[in-house]
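This is what each chain is made of:
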Amino acid sequence: MIQKFSMKFFIDTANLAQIKEANELGILDGVTTNPSLMAKEGIKGEAAIINHYKAICELVDGDISAEVIATDFAGIVEEGKKLAAIHKNIVVKVPMIKDGIKAIKYFSDAGIRTNCTLVFSAGQAILAAKAGASYVSPFIGRIDDSGWDGVQLIEQIVHIFSIQGFKTEVLAASIRFPNHIIRCAEAGAHVCTCPLDSILGLLKHPLTDIGLAKFLEDAKKTQ
Ligand code: G3P
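Here goes a summary of the coordinates provided. Please read these numbers as outputs of a predicted model, since none were measured by experiment.

### Thoughts on the site of the ligand
For step 1, the next point in the chain: Close contacts around the ligand come from Asp12, Asn34, Lys93, Phe139, Arg142, Ser174 and Arg176, and that covers them all.
For step 2, the next point in the chain: One of the side-chain nitrogen or oxygen atoms of Arg142 is found 2.7 Å away from an oxygen atom of the ligand.
For step 3, the next point in the chain: Within the side chain of Ser174, one N or O atom sits 2.7 Å away from an oxygen atom of the ligand.
For step 4, the next point in the chain: Calculation on the ligand without its partners gives an accessible area of 310 Å², and the protein chains cover 82% of this total.

Set out below in structure tokens:
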């Protein structure tokens, strides 16, 4: 079946300079973060975390995933509500655990959008979709690291969601290199969240550089 959408590009970082650079390319649809990416930027404490998300929301007009730290239902709900209140574009990122599924259902009923993270199987993706997640995030690089094929999981989940009519979007995460992005597009992922290097890697081809050098050289003859 031909699907009528084009894969969205999110950047997977909390680094404001990189978010700005990707956004200035004009191809950015959103941002994903996680506690490891926030820690990498030295963001510490609730106030600093909230301010950082505000700064990201000011830079990019698109969905911004902000991850909860709590792992119990009440804690996830409390934290998720605070995150969702930061900006209309915040999507609450919830881990694929039992209380996470309960919280996704709660948020879905309350009109708060969610991204179910740390998804490594089709069964997990089905459960998150059934609970009403806006996005599921299979970590394809980490699956590849463990000797399996991450893109195959994307294909499987896209197929299941399509035949089951789930509205949940498949957000391919843990992208490691440009070819992952190409393969996710082939597999029908709705979104690919990528490090800046992988996005910029799509630009590169040696024949483009050689061809441009020749055009510029020949252009001198026309001046
Ligand atoms: O958004 C999740 C993603 O950042 C995980 O990537 O490279 O840590 O496996 P990685």
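Read on, since the account is not over.
### A few points about the packing of aromatic side chains
For step 1, the next point in the chain: For the coordinates displayed, the defined rule picks out 5 aromatic pairs.
For step 2, the next point in the chain: Relative to Tyr135, the ring of Phe10 has its centre 5.9 Å away and its plane inclined at 70°; by these criteria the two rings are edge-to-face. Here Tyr135 lies in strand β6 (residues 135-138) and Phe10 lies in strand β1 (residues 8-12), a separation of 125 residues in the sequence.
For step 3, the next point in the chain: A residue is classified by how much of its surface remains accessible, and Tyr135, at 2% relative accessible area, is buried.
For step 4, the next point in the chain: Judged by centre distance (5.9 Å) and plane angle (75°), the ring pair of Tyr106 and Phe107 falls under edge-to-face.

### Describing the sheet that holds strand β7 (residues 169-172)
For step 1, the next point in the chain: Around the barrel, 8 strands lie side by side as β1-β2-β3-β4-β5-β6-β7-β8; this closed barrel has parallel pairing. Direction aside, neighbouring strands of the sheet carry axes that sit 30° apart on average.
For step 2, the next point in the chain: As defined by bridge partners, β1 adjoins strand β2 (residues 30-32) across 3 bridges and the pair is classed as parallel. What sits directly across from Phe10, in β2, is Gly30.
For step 3, the next point in the chain: Lying on the sheet, helix α4 (residues 73-84) is in contact with β3 (63-67) and β4 (90-95); it crosses β4 at an angle near 160°.

What counts as what
Residues numbered from 1 in each chain as written. Predicted model: local features only at pLDDT ≥ 70, side-chain atom pairs only at ≥ 80, totals over all residues. Heavy atoms only, no water. Near = heavy atom within 4 Å. Polar contact = N/O pair within 3.5 Å; in protein donor to acceptor, adjacent residues only side chain to side chain. Areas by Shrake-Rupley, 256 points an atom, 1.4 Å probe, with all protein chains shown as cover. Phe/Tyr/Trp six-rings, centres within 6.5 Å; stacked < 30°, edge-to-face > 60°. Helix = DSSP H or I, 4+ residues; strand = E, 2+ residues; numbered from the N terminus. Buried < 20%, exposed > 50% of the residue type's maximum accessible area, 1.4 Å probe, protein only. Pairing = 2+ DSSP bridges. Axes fitted to C-alpha atoms, helices over the stretch in contact; angles between N-to-C directions. Contact = heavy atoms within 4.5 Å.

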